[in-house]
Amino acid sequence: MSARDDEGPQHAGGGGQGDERDDVEPDDAERRATEKFVSDLLARGEAVFEGEEPTPRTTHVIERADDGRLLVRRLRFRS
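For clarity, every value in this text was computed on a predicted model and none was experimentally measured. (Residues numbered from 1 in each chain as written. Predicted model: local features only at pLDDT ≥ 70, side-chain atom pairs only at ≥ 80, totals over all residues. Heavy atoms only, no water.)

With seven residues, the main nonpolar core is built from Phe37, Val38, Leu41, Ala47, Ile62, Leu70 and Val72. At the level of elements, α1 (28–43) and β3 (70–74) are the ones that each hand at least two residues to this core. Not counting residues within four places of it along the chain, the set of residues in contact with Leu41 comprises Glu46, Ala47, His60 and Val72. (Core = buried A, V, L, I, M, F, W, Y, C linked by side-chain atoms within 4.5 Å. Buried < 20%, exposed > 50% of the residue type's maximum accessible area, 1.4 Å probe, protein only. Helix = DSSP H or I, 4+ residues; strand = E, 2+ residues; numbered from the N terminus. Contact = heavy atoms within 4.5 Å.)

Shown next, in the form of structure tokens:
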């Protein structure tokens, strides 16, 4: 999971802080985990793609990096 609170954006499904694999292509399992995480957020209505209007239920914004990776940014916590 990724957030842009104080840490900046991170790729979804990654190891978070201290992840030294940023320059390595994500393996198949990591890619599938990322896609599942994003898919679940979208299915629950908790995420929108960058540029779309967030709804009251939206907690995350999904961006696509230049290299094609999906970045998930926390918009707010659900109340």
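One side chain can pair with another of opposite charge once the charged atoms of both are near each other. Inspection of every chain in the model, using the stated rule, returns seven salt bridges. Put simply, Lys36 and Asp40 hold a salt bridge, and the shortest N to O gap is 3.1 Å. Taken together, the positions of Lys36 and Asp40, both in helix α1 and four residues apart, correspond to about one turn of that helix. Judged by its relative accessible area of 52%, Lys36 falls in the exposed class. Salt bridges sharing partners connect three or more residues here, namely Asp28, Arg31, Arg32 and Glu35. (Salt bridge = Lys/Arg side-chain N within 4 Å of Asp/Glu carboxyl O.)

What follows concerns α1. End to end, α1 covers 22 Å across 16 residues, agreeing with the expected 22 Å (1.5 Å per residue, within 8%). When α1 is considered as a whole, its buried residues turn out to be Glu30, Thr34, Phe37, Val38 and Leu41. Buried residues of α1 fall within an arc of 90° about the axis and therefore sit on the same side. Of the exposed residues in α1, the ones pointing more than 90 degrees away from its buried face are Lys36 and Ala43. (Expected span 1.5 Å × (residues − 1). Arc of directions from axis to C-beta.)

With respect to topology, three strands assemble into an open sheet ordered β1-β2-β3, the strand pairing being mixed. A single partner strand is all that each edge strand has here, and the edge strands are β1 (47–49) and β3. The mean inter-strand angle of the sheet, taken between neighbouring strand axes irrespective of direction, is 30°. Here strand β2 (residues 60–64) pairs with β3 via five bridges, running antiparallel. For Glu63, the partnering residue across the bridge sits in β3 and is Leu71. Strands β1, β2 and β3 of the sheet are contacted by α1, whose axis makes an angle of about 45° with β3. (Pairing = 2+ DSSP bridges. Axes fitted to C-alpha atoms, helices over the stretch in contact; angles between N-to-C directions.)

Below, the discussion takes up the environment of Thr58. If you trace the backbone, Thr58 turns up in the loop between β1 and β2. Expressed as a C-alpha distance, the spacing of Thr58 and Ala47, which sit eleven residues apart in the sequence, is 5.1 Å. Those residues in contact with Thr58 that lie beyond four places of it in its chain are Gly45, Glu46, Ala47, Val48, Leu75 and Arg76. Of the polar contacts made by the side chain of Thr58, one reaches the backbone nitrogen of Thr55; its length is 2.8 Å. (Polar contact = N/O pair within 3.5 Å; in protein donor to acceptor, adjacent residues only side chain to side chain.)

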